[in-house]
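# Fold and geometry: a report
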2 protein chains.
Amino acid sequence: MSSDTETAVFEEATEEPFELSRKLVVGILYAVDAKDRETLTKLMEPLHAADIADLLEQINAYDRRRLIQLYDRGFDGEILSELDESIREEVIALLNPHVLAEAVRELESDDVVDLLEDLEEPQQEAILDVLEDSDRVAVEQSLAYPENSAGRLMQREVVMAPDHWTVGQVIDHMRASEDLPEQFYHVVVVNPRLHPVGNVTLGRIMATRRDVPLMDLTEETFEIFRADMDEEDVAYAFNQYHLISAPVVDDEGRIVGVITIDDAMIVLDEEHEEDILRLAGVGEESSLSDKVINTTRRRFPWLAVNLVTAVLASLVIAQFEETIAGFVALAVLMPIVASMGGNAGTQSLTVAVRALATRDLTGSNVWRVIRREILVGLVNGVIFAAVMAVVGMVWFGSPALGGVIAVAMVINLVVAGLAGTVIPIILDRLNVDPALASGAFVTTVTDVVGFFAFLGLAAVVLL
Amino acid sequence: MSSDTETAVFEEATEEPFELSRKLVVGILYAVDAKDRETLTKLMEPLHAADIADLLEQINAYDRRRLIQLYDRGFDGEILSELDESIREEVIALLNPHVLAEAVRELESDDVVDLLEDLEEPQQEAILDVLEDSDRVAVEQSLAYPENSAGRLMQREVVMAPDHWTVGQVIDHMRASEDLPEQFYHVVVVNPRLHPVGNVTLGRIMATRRDVPLMDLTEETFEIFRADMDEEDVAYAFNQYHLISAPVVDDEGRIVGVITIDDAMIVLDEEHEEDILRLAGVGEESSLSDKVINTTRRRFPWLAVNLVTAVLASLVIAQFEETIAGFVALAVLMPIVASMGGNAGTQSLTVAVRALATRDLTGSNVWRVIRREILVGLVNGVIFAAVMAVVGMVWFGSPALGGVIAVAMVINLVVAGLAGTVIPIILDRLNVDPALASGAFVTTVTDVVGFFAFLGLAAVVLL
């Protein structure tokens, strides 16, 4: 364990807004130690389900078990929804069956779907069994849609109105209705075949006279999603067109549900997280509460790919063993060329991967973007070539060596710009996620080209 | 230019949903060439403002100018809001003043603020001048709040109700009101001092009898933001607590506006983008429509930092020139150790940076996380050490060399896990964005340690 002074740097600095305070966590764990249910309840009462989930993620498995055993009467179902998948099964297994049943019954059907999709078969069954019949049917219908589809994301409760209604009629209908959803933002206007034809905001309805036809109030921006559409595309459209809610339809174009912006925001957040982790070679769904063995296993393949890349680069170097033996300064300087290329390549590829994800890099501008990246590589290459030429000359007193490293630098930065752009584009066209695989390819190219250009030129010029 | 077959790979592959089709862009540019305003209007009519903005970003400056000159009567103000900052000023300068005035007057006040904040002084003035007095005051008041604050993000139109009202009273009030906002989701309940005390969804109001007090319907989750709070914290809270809208208050706690989930989603999106670009050393606000010189300038400092890092690593290598001269295989293998360390370090640091951003890495679990990363590094280190020991022995026939690279590998992967976690945490505590600066530090550590461990051990064991 660490001494108090060491601890201070990490633990006692100012906390960010909405961060779980260290003091509260200590207090809760103290109550757990003392088996003091009353204090525990008092401390946890004001916490939002999302914060309780964070708390459970931040403490260790032993404390987690003791806390849940002490707290388990009245466990909010939403906590389960908010929990990281890595410990969700563990927590569900800890809850006593009555408490679990109670918790799940509170949830909306789309949250139950979200909860179920990542569980193992037996836990899925156990949860489906405690649902009321109508809820179970709804959940099972949702699960019939493909994973990560609009159908899984949507909620089935929709407030609809026929396209010939007026504001007054829809108000009366809503006021008389027994089971309006708690949160809804639009009334979806449908034609007699139940095809959605427009969205009217509740605010607009409230602001308008009773005799105005609903169709006069529909929003200009209106998107309809098919239930089998990828949730990634749905989230993109919400973000691009600033949608608040949008109807989902079946193969025949009939309305089957509605997706709201809060669902889209969660998907967008997950997509971003995935992109960041993939770009860094961490794989998906990494979280701090994962077990060491799982994390190790997930990072392993990326490091293995990198090892292959690195060995390839070494094979290039091996071709020049004699050159290096004759001029050891080459061994000292060669990593600089490769490293600069790798960095420049990462810059280009990140911009390209993002532009592909936001659909800003398309057939219309692809050649211009490639040309631009080559130019950027050329300009930066020339500047750093000049710097390295001077370094090479001053450090090793050899103008020829300075010249070699300068030329190699220009070549590698231009290649980095080219490879960093073209590789993600090709992967994308081949339907491979460019965030996933570009890094390894680009680094291979910049390493191989970097070492080859530098050592090859040196072999010709210096020996 | 490229031949048709080359072009095909990039341009004719299936397009993604919601992507601007290449065919449409070609058609539009053709109409521009032919100065055919009618066809141009017909092609652009169905496009959403966000798509028109994308179109303007994807074509070159020359086409952009001609398109705007041909199209400029009736230019939707929203297009300006959606445009990348890098070409927004250019487009504004191209519009004739009447068209610009018309475009800006259509926008909501918070969109005007968003538009203005990034413009130069004279363009700001020009736009403020065309606004109506009341709008201009609203915009100027918003601009008085600090950049990236809740005050800038909020809209000023709020639907409020006193805390003693019933459902019937608030419905009558809304029905009688002349200027309800087009989009609103909650009625904010306020006390007599205008402090917000609760949110009631419109849906809930529609579903409830007239005589029920509003305060019986307030939502359980209710967050209030101060106007000077950082928008990043606001977006975090929206995401964490699944908020739909939330009131903003001044220093005295009085309500001054409301932030809705669509604003928060935009901020969240920007924050993510920034994190990705910073992690890759690209700096912020990079876009495909930037000029080459701007992109070059923005990427330059990151490459310069990397050069310093690389030179530092070279200085370490230089200490072992004699060792390398005596055993050139070392030069061949040494980049492998450094590269594996760099990759493992990047994995750890990305997870740490994300966990800090999502406030999952806190004082409560920091030691456990550090221990975990070291363990992951150790396990992967041992596996790859075994692989490299074999490679070293087979390739160079030297068990001693195999042993040296194996030990160096373990050391460097453990150090990578440690540095990759501790460095972002320390930067975060020092209030430096860990996404911005961690990469350079971590790579320096893994390069220096990698070369030093490998060559140092080799000097002792092999010579």
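Since we're looking at a predicted model, the values are computed, not measured. (Residues numbered from 1 in each chain as written. Chains lettered and ligands numbered in written order. Predicted model: local features only at pLDDT ≥ 70, side-chain atom pairs only at ≥ 80, totals over all residues. Heavy atoms only, no water.)

As a rule of thumb, nonpolar side chains are buried together in soluble globular proteins. Counting 80 residues, the largest nonpolar core has Met334(A), Ile336(A), Phe454(A), Met334(B) and Phe454(B) as its most contacted members. For Phe454(A), the residues in contact, after removing those within four places along its chain, are Leu330(A), Leu333(A), Met334(A), Val337(A), Leu401(A), Val404(A), Ile405(A) and Ala408(A). The next biggest cluster of nonpolar side chains, apart from the first, holds 50 residues, and it includes Ala227(A), Ala235(A), Ile261(A) and Val248(B). (Core = buried A, V, L, I, M, F, W, Y, C linked by side-chain atoms within 4.5 Å. Buried < 20%, exposed > 50% of the residue type's maximum accessible area, 1.4 Å probe, protein only. Contact = heavy atoms within 4.5 Å.)

All names here are of chain B. Read across the open sheet, the three strands follow the order E1-E2-E3; overall the sheet is mixed. Looking along the sheet, the strands with just one partner apiece sit at the ends: strand E1 (160-162) and strand E3 (196-201). Strand after strand, the sheet turns through a mean of 30° between neighbouring axes, direction not considered. Looking at chain direction, E1 and strand E2 (residues 186-190) are connected through three bridges and run parallel. Of the residues in E2, the one forming a bridge with Pro162 is Val190. (Pairing = 2+ DSSP bridges. Helix = DSSP H or I, 4+ residues; strand = E, 2+ residues; numbered from the N terminus. Axes fitted to C-alpha atoms, helices over the stretch in contact; angles between N-to-C directions.)

This part takes up the UniProt feature "domain: CBS" (unreviewed entry) in chain A. As annotated in UniProt, the feature "domain: CBS" (unreviewed entry) corresponds to residues 217-274 of chain A in the numbering used here. The annotated region residues 217-274 of chain A carries 43% helix and 22% strand content, and the separation between its end C-alpha atoms amounts to 39 Å. (UniProt positions renumbered as here; feature names shortened; annotations may be inferred.)

Next up on the list: the relation of the copies chain B and chain A. Expressed as a screw operation, the relation of chain B to chain A combines 0.0 Å of axial shift with a rotation of 180°, fitting to an RMSD of 0.0 Å. Given the turn and translation reported, the copies of this chain are related as if by a two-fold rotation axis. When the interface residues of chain B are mapped onto chain A, 99% of them again fall at the interface, so both copies present the same face. (Least-squares fit on C-alpha atoms with pLDDT ≥ 70 in both.)

Before going further, it helps to spend a moment on the interface of chain B and chain A. Think of interface size as the accessible area that goes away when the parts come together; that is how it is often given. Counting residues at the interface gives 147 residues for chain B and 148 residues for chain A. Taking both partners together, chain B and chain A bury about 13,100 Å²; carbon and sulfur atoms supply 64% of that area. Summed over the shared surface of chain B and chain A, the number is six salt bridges. Between Glu373(A) and Arg299(B) there is a salt bridge whose closest N-O contact spans 2.8 Å. In terms of residue count, the dominant contributor to the side of chain B that touches chain A is helix H19 (residues 329-357) of chain B (19 residues). Considering only residue class, the side of chain B that touches chain A consists of 82 nonpolar, 32 polar and 33 charged. (Buried area = accessible area lost by both parts, 1.4 Å probe. Salt bridge = Lys/Arg side-chain N within 4 Å of Asp/Glu carboxyl O. Nonpolar A, V, L, I, M, F, W, Y, C, P; charged D, E, K, R; others polar.)

Attention now goes to a negative patch on the surface. A contiguous patch of negative charge, built from Glu120(A), Glu121(A), Glu125(A), Asp129(A) and Glu140(A), is present on the exposed surface. Here Glu120(A) shows up in the loop between helix H9 (109-117) and helix H10 (121-130). (Patch = residues over 30% accessible without salt bridge, like charges linked within 9 Å, V, L, I, M, F, W, Y side chains within 5 Å. Areas by Shrake-Rupley, 256 points an atom, 1.4 Å probe, with all protein chains shown as cover. Lys, Arg positive; Asp, Glu negative; His and termini not counted. Charge placed at Lys NZ, Arg CZ, Asp CG, Glu CD.)

Next up on the list: the UniProt feature "transmembrane region" (unreviewed entry) in chain A. Residues and elements named next belong to chain A. As annotated in UniProt, the feature "transmembrane region" (unreviewed entry) corresponds to residues 300-318, 324-353, 374-397, 403-427 and 439-462 in the numbering used here. Overall, residues 300-318 shows 100% helix and 0% strand. The separation of its end C-alpha atoms is 26 Å. In residues 403-427, helix accounts for 100% and strand for 0%; the two terminal C-alpha atoms are 36 Å from one another.

Turning to helix H20 (residues 366-396) of chain B, a few remarks are in order. With 31 residues, H20(B) should reach 45 Å at 1.5 Å per residue; the first-to-last C-alpha distance of 43 Å fits that figure. One or two positions beyond H20(B), positive phi appears at Gly397(B), with a value near 60°. (Expected span 1.5 Å × (residues − 1).)

Residues and elements named next belong to chain A. For chain A, the assigned domains are domain 1 (4-144), domain 2 (160-279) and domain 3 (292-462). Taking the mean C-alpha position of each, domain 2 and domain 3 sit 48 Å from one another. Of the residues lining the interface, seven residues belong to domain 2; the matching set on domain 3 comes to 11 residues. Across the domain 2 to domain 3 interface the summed buried area is about 840 Å²; carbon plus sulfur atoms make up 50%. When residues of domain 2 are sorted by the area they lose upon contact with domain 3, Tyr236, Arg278 and Leu279 head the list and together hold 67% of the total. Counting across the domain 2 and domain 3 interface gives three salt bridges. Asp233 serves as the salt-bridge partner of Arg359, at 2.9 Å between the closest nitrogen and oxygen. Across the domain 2-domain 3 interface, the total number found is five residue pairs in polar contact (both at pLDDT 80 or more). Elements represented by at least two residues in the side of domain 2 that touches domain 3 include exactly helix H15 (231-241) and helix H16 (261-279). Looking at which element gives the most residues to the side of domain 2 that touches domain 3, the answer is H16, with four residues. The residue inventory of the side of domain 2 that touches domain 3, partitioned by class, reads two nonpolar, one polar and four charged. (Domains from an automatic or database assignment. Polar contact = N/O pair within 3.5 Å; in protein donor to acceptor, adjacent residues only side chain to side chain.)

Across chain A, the average pLDDT comes to 90, with 96% of residues at 70 or higher. Across residues 1-7 of chain A, confidence stays below pLDDT 50; counting only partners more than four residues off in sequence or on other chains, it has four contacts. (pLDDT = per-residue confidence, 0-100.)

Let's shift gears to the packing of aromatic side chains. Inspection of the entire model under this criterion finds 17 aromatic pairs over all chains. Their ring planes at 20° and their centres at 4.8 Å tell us that Phe384(A) and Phe300(B) sit as a pair that is stacked. Of this pair, Phe384(A) sits in helix H20 (residues 366-396) while Phe300(B) sits in helix H17 (residues 292-318), which puts the two residues in different chains. Overall, the relative accessible area of 2% leaves Phe384(A) in the buried class. A ring pair is formed by Phe320(B) and Phe452(B), whose centres lie 5.9 Å apart and whose planes are at 70°; its orientation type is edge-to-face. Remark: Phe452(B) occurs in helix H22 (residues 434-462) and Phe320(B) occurs in the loop between H17 and helix H18 (321-326); sequence separation between them is 132 residues. A relative accessible area of 51% means that Phe452(B) is categorised as exposed. (Phe/Tyr/Trp six-rings, centres within 6.5 Å; stacked < 30°, edge-to-face > 60°.)

Residue and element names in this part refer to chain A. One open sheet holds the three strands; their spatial order is E4-E5-E6, and the pairing between them is mixed. Edge positions in the sheet fall to strand E4 (225-226) and strand E6 (255-260), since each of these pairs with one other strand and no more. Alignment of E4 against strand E5 (residues 245-249), held across two bridges, turns out to be parallel. Its bridge partner being in E5, Phe225 is matched across the sheet by Val248.

The subject of this paragraph is the packing of helix H16 (residues 261-279) of chain B against H19(B). All names here are of chain B. With their axes 12 Å apart at the nearest point, H16 and H19 run at an angle of 155° to one another. Between H16 and H19, the interaxial angle falls into the category roughly antiparallel. The chirality of how H16 crosses H19 is right-handed. Where H16 abuts H19, its residues His272, Asp275 and Leu279 lie against Leu349, Thr350, Val353, Arg354 and Ala357. Of the residues belonging to the contact of H16 with H19, the class tally is four nonpolar, two polar and two charged. (Parallel < 35°, antiparallel > 145°, perpendicular 65-115°, else oblique. Left-handed = near helix turned anticlockwise from the far one by under 90°.)

The next point concerns a nonpolar patch on the surface. All names here are of chain A. Residues Leu375, Leu378, Val379, Val382, Ile383 and Val387 make up a contiguous nonpolar surface patch of roughly 420 Å² in combined accessible area. As for its placement among the helices and strands, Val382 is situated in helix H20. Judged by its relative accessible area of 45%, Val382 is partly exposed.

Here we take up unusual backbone geometry. With a phi angle near 55°, Asn148(A) is a residue other than glycine that sits in the positive phi range. Residue position: Asn148(A) is located in the loop between helix H11 (133-143) and helix H12 (150-153). Since its relative accessible area comes to 40%, Asn148(A) is described here as partly exposed. Positive phi, close to 60°, is recorded for Arg359(B), a residue that is not glycine. Topologically, Arg359(B) is positioned in the loop between H19 and H20.

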